[in-house]
Amino acid sequence: MSILENFYYGKCNPSERIKSKDTEFELVSQRIADAEEVLKTKLLEQDYKLIEELSDLQDVLISLLSASSYIEGYKMGALMMIEVFDGKEDLI
């Protein structure tokens, strides 16, 4: 299936394709998991639920910001292509 078909059928999800092999990414992810475990054992259940809610809201915000950055980057790339093709006679 082509990229356009995948896009049409809603199968194009760039954020799901990201699988970082960066050791810093893995380290930070592990530190977050460890901190969550510590908080879970030290806080009252209602306090920990508040922390989880805050974390969920931060995830939503990060997702929204990532989507906006992706869209702006895509627009910028498209504008670059227009500029390149608009000046194509200069290249020949």
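Residues numbered from 1 in each chain as written. Predicted model: local features only at pLDDT ≥ 70, side-chain atom pairs only at ≥ 80, totals over all residues. Heavy atoms only, no water.

Across its full length, the protein carries four helices and zero strands. Along its sequence from the N terminus, the protein presents helices and strands in the succession α-α-α-α. What you see for the protein is a C-alpha radius of gyration of 21 Å, clearly larger than the 12 Å of a compact globule of 92 residues, by over 25%. Reported as C-alpha extents along the three principal axes, the dimensions of the protein are approximately 70 × 30 × 25 Å. Out of the 92 residues in the protein, the part that is buried amounts to 2%. A total accessible area of about 9,000 Å² is found for the protein, and carbon and sulfur atoms account for 61% of it. (Helix = DSSP H or I, 4+ residues; strand = E, 2+ residues; numbered from the N terminus. Rg over C-alpha atoms; globule rule 2.2 N^0.38 Å. Buried < 20%, exposed > 50% of the residue type's maximum accessible area, 1.4 Å probe, protein only. Areas by Shrake-Rupley, 256 points an atom, 1.4 Å probe, with all protein chains shown as cover.)

With that settled, consider the layout of surface pockets. By volume, the second largest pocket amounts to about 230 Å³. For the second largest pocket, the full set of lining residues is I3, L4, F7, C12, P14, Y70 and Y74. The set of elements that each furnish at least two residues to the lining of the second largest pocket consists of helix 1 (3-8) and helix 4 (45-86). The element contributing the most residues to the lining of the second largest pocket is helix 1, with three residues. Looking at side-chain class alone, the lining of the second largest pocket contains seven nonpolar, no polar and no charged residues. (1 Å grid on protein atoms, 1.4 Å probe; cavity = no way out; pocket = protein on both sides within 12 Å on 5 of 7 lines; lining within 4 Å. Points joined across faces, edges and corners; volume = space filled by probe spheres on them. Nonpolar A, V, L, I, M, F, W, Y, C, P; charged D, E, K, R; others polar.)

Per the counting criterion, the structure on display carries two aromatic pairs. Seen from their ring centres, Y8 and Y9 are 5.0 Å apart, and the 85 degrees between their planes marks the pair as edge-to-face. For Y9, a relative accessible area of 53% puts it in the exposed group. (Phe/Tyr/Trp six-rings, centres within 6.5 Å; stacked < 30°, edge-to-face > 60°.)

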